[in-house]
Structure formats: structure tokens, C-alpha cells
Amino acid sequence: MRKLWFTAGLVALLLTTMLLNANAQAVVKVYAGANGIWVADEARPADFELGGSAAASLSPHIAAVGGIWYGVAHSYIRGSAGARYTVTDASDPNFSIGLGGSYHFSSEPAIRPEEFCVEAAIGWKPWPQLYRVTLVALGAYGLDTSEAHMIAGVRYDIHLP
Amino acid sequence: MSVFDFFIKTGLAASELRGWLVLAAKASPDAAPKIEEQIAKLDAATTPEMLASFAQTAVGELANIGQGKFDGRDSPSNAA
């Protein structure tokens, strides 16, 4: 649990630093959202999650990313913090694919292991009139457990002042 | 873990995502053309040649970030 709060604090500190740096041309986004999460071969239970994520894009392709989620059915808190590289057109605000890695932390490691994962993610804004809504999907592979998991969800962009 | 291992495991994560996108395309015929377009982009982006090319670009961008030169974009995949 201590590791969870430490990592959450680190993410918050990073984002706050970005926001306070007036000269920074970073694009900082904070999202509320919901996920379905499934583990390959049903090695661990699936769940429905509520929570939020944040991203600080630091260069055309590189971003610091993180999120905190609550598993509704199994009552856990899961989070991640890491980096992502956009491998499609970085100037397209409606669709992109990103590859990267995150450290995943959890209040219930038996359900959601704590480990470093490599990730492939897709983000898609299918409705231009609902420009704050993004559909996302993410495939991740845990380096310790060698387990893959998949997330599909929706994000709502909370505009920062 | 070597850089080579990292690329292989990133490919495994991408394969997982690809498998689910294929299922989604089968389950939703209306959205299938768009999803198949996304699968094609994912396939193109995860070839060893492209991954090596991304690594080169990343080194240059990391150098800029290290100097405090930020130039961010709004990439929807960062929301995942």
C-alpha cells in the first residue's frame, strides 16, 4: 500500500510540476473513465473499474502517463505510472497508437500483480461533436508474471483551467 | 532485460491488443472497417524496422526533454 501511495504521489508531483512551469509546451490531460479488464487465459478475474488517468505529453511522441482505478467487483485499487511513445501520426488528435511501459501497483497483488508491464494502446475519438470522449484499448504484458491483460474503456477529458 | 527482449515483449502486448481488436471487429460489423484500419496501422507500427526507427526518434526527443524543451501533442492513446 505504501508503494501505491508513493507512486501516486510521484505522478501527482510530475503533473503539478508540468502545470506550474509557465514556459512548458507540454500538453497535460486529466481524464475520468471506466474500464473493463480481462486477463489472458482467465488467470485472474475480470472486473469493471472506475477511476481516472493523466498524461503529460512532453514531446511530439513521448508522454508520461499514469492512472488510478478501483475494481468494483473485487474491491481493489490498481494504478500505473510510466511512459508511452506515439507510433502513429502525432499530429492527429482523433486517433493514435502508443507503445510503452508502466509500473503497475495494486492494493491486492493476488488479483492484480505489482510488476513492470510493456503496453500497446489505442485511443480513438469516434464522435467529433463529443470531442472530450475517447475510446481506449490497451494490451499489456507483465515482465514478472508473463501474463497478458487487456483493458477496454472510455475516457472523459476533464479540461484543466 | 535487453533492448531486444523489450521489443519482443512489446510485440506480445501488441498481439494481445490485436487479438481483441479482431474480436471487436467480428462483434461489431458497423465498426469493423474502422477497426480493421486500426489493426493495419498497429501491424505497420510494430515491425522490427519501425521499432528501431522509433528508438532513434525517441533518443532525439529525450535529449530535448532533458534540456527542458517541451513540445507536446494531444495523442488519444495517452488516455489509455
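As shown above, the structure is provided for reference.
All chains use their own residue numbering, which begins from 1 and follows the written sequence. Here chains are named by letter from A upward and ligands by number from 1 upward, in the order in which they appear as written. Only residues with pLDDT of at least 70 get local features here, since the model is predicted, and only at 80 or more are side-chain atom pairs given and counted; chain-wide, interface and lining totals rely on the full set of residues. The basis for every side-chain value is the complete set of non-hydrogen atoms in the structure, without hydrogens or water.

Visitor: So what exactly am I meant to see when it comes to the overall build of chain B here?
Guide: For chain B, the helix and strand inventory stands at three helices and zero strands. When the helices and strands of chain B are placed in sequence order, the string is α-α-α. Only the C-alpha atoms count toward the radius of gyration. The rule for a globule is 2.2 Å times the residue count to the power 0.38. Taken over the C-alpha trace, chain B has a radius of gyration of 16 Å; the compact-globule value for 80 residues is 12 Å, which it surpasses by more than 25%. Overall size of chain B, expressed as C-alpha extent along the three principal axes, is 50 × 30 × 20 Å. Going along the chain from the N terminus, every DSSP run of H or I of four or more residues is numbered as a helix, and every run of E of two or more is numbered as a strand.

Visitor: Looking at this model, I keep getting lost on the side chain of S80 of chain A. Mind explaining?
Guide: By the element assignment, S80 of chain A lies in strand β4 (residues 76-86). Residues in contact with S80 of chain A, not counting those within four places in the same chain, are V65, G66, G67, S102, Y103, H104 and F105 of chain A. Should any heavy atoms of two residues lie within 4.5 Å, those residues are counted as being in contact.

Visitor: Help me understand the sheet that holds strand β5 (residues 95-106) of chain A in this model?
Guide: Pairing between sheet strands relies on hydrogen bonds along the backbone, with the strands arranged either parallel or antiparallel. Pairing within the closed barrel is antiparallel, and its eight strands lie in the order β1-β2-β3-β4-β5-β6-β7-β8 (chain A). Going from strand to strand, the sheet's axes swing by 30° on average, the running direction of each strand aside. Relative to the sheet, helix α2 (residues 32-45) of chain B contacts β5 and β6 (115-124) of chain A, its axis offset from that of β5 of chain A by approximately 75°. Between the N-to-C directions of two axes lies an angle of 0 to 180 degrees, each axis being a line fitted to C-alpha atoms and, for a helix, fitted only over the stretch in contact. On the sheet, helix α3 (residues 48-66) of chain B packs against β3 (62-71), β4 and β5 of chain A and is oriented at approximately 100° with respect to β3 of chain A. A strand pair is defined by DSSP finding two or more bridges across the two strands.

Visitor: So what exactly am I meant to see when it comes to the side chain of S75 of chain B here?
Guide: Looking at the element boundaries, S75 of chain B is found in the segment after α3. Setting aside anything within four residues of it in sequence, one finds S75 of chain B in contact with T86, A90 and S96 of chain A.

Visitor: Is there a simple way to explain the interface of chain B and chain A in this structure?
Guide: When the parts of a complex come together, some accessible area is lost, and that lost area is often taken as the interface size. On the side of chain A, 56 residues touch chain B, which itself brings 36 residues to the contact. Carbon and sulfur atoms supply 70% of the area buried between chain B and chain A, which totals about 4000 Å² over both sides. For the chain B face of the interface with chain A, the top three residues by lost area are F70, P76 and N78 of chain B, together amounting to 16%. When a carboxyl oxygen of Asp or Glu is within 4 Å of a side-chain nitrogen of Lys or Arg, the pair counts as a salt bridge. Linking chain B with chain A are two salt bridges, by the criterion used here. A salt bridge links K125 of chain A to D74 of chain B; the shortest N-O distance between them is 3.3 Å. In protein, a polar contact means a hydrogen-donor-capable atom and an acceptor-capable atom, both N or O and within 3.5 Å, with residues adjacent in sequence counting only if both atoms are side-chain atoms; elsewhere, any N or O pair within 3.5 Å suffices. At the junction of chain B with chain A, the criterion picks out 13 residue pairs in polar contact (both at pLDDT 80 or more). Every element with two or more residues in the side of chain B that touches chain A is listed here: α1 (3-27), α2 and α3 of chain B. Ranked by the residues each element gives to the side of chain B that touches chain A, the list is headed by α1 of chain B, at ten residues. Three residue categories are used. Nonpolar comprises Ala, Val, Leu, Ile, Met, Phe, Trp, Tyr, Cys and Pro, charged comprises Asp, Glu, Lys and Arg, and polar comprises the others, including Gly. Its residues assigned to classes, the side of chain B that touches chain A shows 19 nonpolar, eight polar and nine charged. As used here, buried area is the combined drop in accessible area, with a 1.4 Å probe, of two parts when they are placed together.

Visitor: For this particular structure, what's the right way to read the pairing of strand β1 (residues 27-39) of chain A?
Guide: The side chains of a regular strand alternate between both faces of the sheet. All names here are of chain A. The pairing of β1 with strand β2 (residues 47-57) spans eleven bridges and is classified as antiparallel. Counted as the bridge partner of V27 is S57 from β2. As defined by bridge partners, β1 adjoins strand β8 (residues 148-158) across ten bridges and the pair is classed as antiparallel. Opposite G33, over in β8, you have R155 as the bridge partner.

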